[in-house]
Amino acid sequence: MYDVQNHRDDRQIPIDKVGVCDLQYPIVVMDRQSQRQSTTARLSMSVNLPHEFKGTHMSRFIEVLNSHRGEITMRTLPLILSELKSRLDAESAHMEVSFPYFVERTAPVSGATALMDYQCKFTGEANGGKEDFVLSVCVPVTSLCPCSKAISDYGAHNQRGQVTIEVRSRRTDEGLPDLVWIEEMIEVAESSASAPVYALLKRQDERHVTMRAYDNPVFVEDLVRNVAMKLQADDRITWFQVHVLNQESIHNHNAFAEIEWRRPQ
């Protein structure tokens, strides 16, 4: 059949990214405890388009994804990107995979268990001979204000926080990103805050979490620095960006802090 996409375009304008987005797709990711976890992702897949081509073949994005049966990890994503470049005759390929990741959490006193969901994202790019992979994890936490605790006769205001951690890891001898578990980034965020957030708490658990937060007050500045220190101490991490958002409980605004860091060569 006549291939309209391969028709020559004379406008002399290359396109940086062209592809498909907002694609809902079942995927399988690596799980530290269960090895594999099935979830549903929202995907964006794109390639560059040289100026001489009228269009790209959108169906091939789905064909490549189907060929990998939805298994998407930091180890398989470079293979998918390489195949996209080959199938679409492109110099660069880009992919974003956003998905909820579930971890069974145990309440600190009662031992009650329930699933917590964490919003995660894989971002991969292959451009020429260069490859890039970024893991992003968003973790809800509790933070209690040190100033409020210091000036109040009793109590202190606290709020829900969101810690978003983005990391790049060093390359292994095989040229793949060193494995960083999603669960590890969750632990980094929660241990840096006043207290974790749980899916299920009984009354004795609520008492424990409330008092833990009161004993560990942190400003948004403390929280972002605590996370940064832990990531800097991890030899696998070569770059990170940490964004902390406190959804203020007594102010008509939110507070945030952000740190970006790259390991010296």
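Residues numbered from 1 in each chain as written. Predicted model: local features only at pLDDT ≥ 70, side-chain atom pairs only at ≥ 80, totals over all residues. Heavy atoms only, no water.

K.L.:
Even after reading the chapter, I still don't get the nonpolar core, so can you show me in this structure?
P.N.:
Among soluble globular proteins, nonpolar side chains are generally buried collectively. Ranked by internal contacts, the top residues of the largest apolar core, which has 62 residues, are Ile72, Leu84, Met95 and Phe99. Apart from residues no more than four positions distant in its own chain, Phe99 is found in contact with Ile27, Val29, Thr39, Thr40, Ala41, Tyr118, Gln119, Cys120, Lys121, Phe122 and Ile182. Counting residues in each nonpolar core, the second largest holds five residues, with Leu144, Tyr198, Val209 and Ala213 among its members. (Core = buried A, V, L, I, M, F, W, Y, C linked by side-chain atoms within 4.5 Å. Buried < 20%, exposed > 50% of the residue type's maximum accessible area, 1.4 Å probe, protein only. Contact = heavy atoms within 4.5 Å.)

K.L.:
What exactly am I supposed to notice about the pattern of salt bridges here?
P.N.:
Between side chains of opposite charge, a pair can form when the charged atoms approach closely. Enumeration according to the criterion identifies 10 salt bridges in this entry. Sharing partners across several salt bridges, the network here consists of Glu184, Asp234 and Arg236. (Salt bridge = Lys/Arg side-chain N within 4 Å of Asp/Glu carboxyl O.)

K.L.:
For this particular structure, what's the right way to read the packing of aromatic side chains?
P.N.:
Here a ring pair, both rings aromatic, is described through the centre-centre distance and the interplanar angle of the planes. Following the criterion strictly, the structure yields three aromatic pairs and no others. When the ring of Phe240 is compared with that of Trp261, the centres are 5.2 Å apart and the planes differ by 25°; the resulting orientation is stacked. Here Phe240, found in strand 8 (residues 237–247), pairs with Trp261, found in strand 9 (residues 255–262); they are 21 residues apart in sequence, far enough to count as distant. Classification of Trp261 by relative accessible area gives buried; the value is 17%. Members of the aromatic cluster, each reached through a chain of ring pairs, are Phe99, Phe122 and Phe133. The positively charged end of Lys149 is found above the aromatic ring belonging to Tyr214, 4.4 Å away from the centroid. The ring of Trp239 carries the charged tip of Arg168 above its face, separated from the ring centre by 4.4 Å. (Phe/Tyr/Trp six-rings, centres within 6.5 Å; stacked < 30°, edge-to-face > 60°. Helix = DSSP H or I, 4+ residues; strand = E, 2+ residues; numbered from the N terminus. Lys NZ or Arg CZ within 6 Å of the ring centre and 35° of its normal.)

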